[in-house]
Amino acid sequence: DDDVENPIPILWGTDAVHGHNNVVGAVIFPHNIGLGAAAKNNPELIREIGHAVAKQVIATGIDWTFAPTVAVACDYRWGRSYECYGKDPQIVTRCALEMVSGIQGGGDCRLGKDGRIIATVKHYIGDGGT
């Protein structure tokens, strides 16, 4: 409304961990467990995927994703082990850093521009350590 003196901006986030899966036709990448396996030989791939996901999300007018997930699965019987990059904390750390870099960009990138959005590292306390 134009009559509002100080409008409150809308901040909207989405759960686009490995693709903007709420949008028909969006590219959906493998779950994190598969990406963690690929990252052993090609960690830059995770950054490229993060940037691709960010571009998909920003194209829908959303500027925030709840990703990456940094749980470290200790027991693969846990029902959400596919959300983890693996059981090695070093691989999870490397993948998370690359994903955040892909989503948000580097020092000269501007959020909301250059296909960059806000990343949220999640599921890091007690999640997966079951």
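This one's a predicted model, so the numbers in the text were calculated from it and none came from an experiment.

Draft legend 1. Structural context of a nonpolar patch on the surface. Taken together, the side chains of Ile33, Tyr76 and Tyr82 define a hydrophobic patch exposed on the protein surface, amounting to about 270 Å² of accessible area. Inspection of the secondary structure assignment puts Tyr76 in the loop between β2 (64–65) and α3 (89–104). Exposure remark for Tyr76: the relative accessible area of 45% places this residue in the partly exposed category.

Draft legend 2. Broad picture of unusual backbone geometry. The peptide bond linking Ala67 to Pro68 adopts the cis configuration, its omega dihedral lying at 10°. Position of Pro68 relative to the elements: it lies in the loop between β2 and α3.

Draft legend 3. Highlighting helix α2 (residues 44–58). Compared with the 21 Å implied by 1.5 Å per residue over 15 residues, the 21 Å span of α2 between its first and last C-alpha is a close match. Those residues of α2 lying buried are Ile46, Ile49, Gly50, Val53, Ala54, Gln56 and Val57. Projection of α2 onto a plane perpendicular to its axis shows the buried side chains occupying an angular sector of 160°, all on one side.

Draft legend 4. Just the packing of α2 against α3, in detail. Between α2 and α3, the shortest axis-to-axis distance is 7 Å and the interhelical angle comes to 35°. Regarding α2 and α3, the two cross each other, and that crossing is right-handed. In this structure, α2 uses Glu44, Ile46, Arg47, Ile49, Gly50, His51 and Ala54 to contact α3, whose residues at the interface are Cys95, Glu98, Met99, Ser101, Gly102 and Ile103. Partitioning the contact of α2 with α3 into residue classes produces six nonpolar, four polar and three charged.

Draft legend 5. Broad picture of the environment of Asp75. For Asp75, the location among the structural elements is in the loop between β2 and α3. A distance of 2.7 Å separates polar atoms of two side chains, one belonging to Asp75 and the other to Arg77.

Draft legend 6. The arrangement of the pattern of salt bridges in detail. In the structure shown here, the tally under the stated rule is four salt bridges. In this structure, the salt-bridge partner of Asp15 is Lys122, at a minimum N-O distance of 2.7 Å. Separated by 107 residues along the polypeptide, Asp15 in the loop between β1 (13–14) and α1 (32–39) and Lys122 in the segment after β3 (118–119) bring together distant segments of the chain. Taking the relative accessible area as the measure of exposure, Lys122 reaches 14% and is therefore buried.

Draft legend 7. Region of the structure containing α1. Within the span of α1, buried status applies to Asn32, Leu35, Gly36 and Ala39. The buried residues of α1 occupy one face: seen down the axis, they fall within an arc of 105°. As for α1, its buried residues are in contact with α2 and α3.

The rules behind the values
- Residues numbered from 1 in each chain as written.
- Predicted model: local features only at pLDDT ≥ 70, side-chain atom pairs only at ≥ 80, totals over all residues.
- Heavy atoms only, no water.
- Patch = residues over 30% accessible without salt bridge, like charges linked within 9 Å, V, L, I, M, F, W, Y side chains within 5 Å.
- Areas by Shrake-Rupley, 256 points an atom, 1.4 Å probe, with all protein chains shown as cover.
- Salt bridge = Lys/Arg side-chain N within 4 Å of Asp/Glu carboxyl O.
- Helix = DSSP H or I, 4+ residues; strand = E, 2+ residues; numbered from the N terminus.
- Buried < 20%, exposed > 50% of the residue type's maximum accessible area, 1.4 Å probe, protein only.
- Expected span 1.5 Å × (residues − 1).
- Arc of directions from axis to C-beta.
- Axes fitted to C-alpha atoms, helices over the stretch in contact; angles between N-to-C directions.
- Left-handed = near helix turned anticlockwise from the far one by under 90°.
- Contact = heavy atoms within 4.5 Å.
- Nonpolar A, V, L, I, M, F, W, Y, C, P; charged D, E, K, R; others polar.
- Polar contact = N/O pair within 3.5 Å; in protein donor to acceptor, adjacent residues only side chain to side chain.

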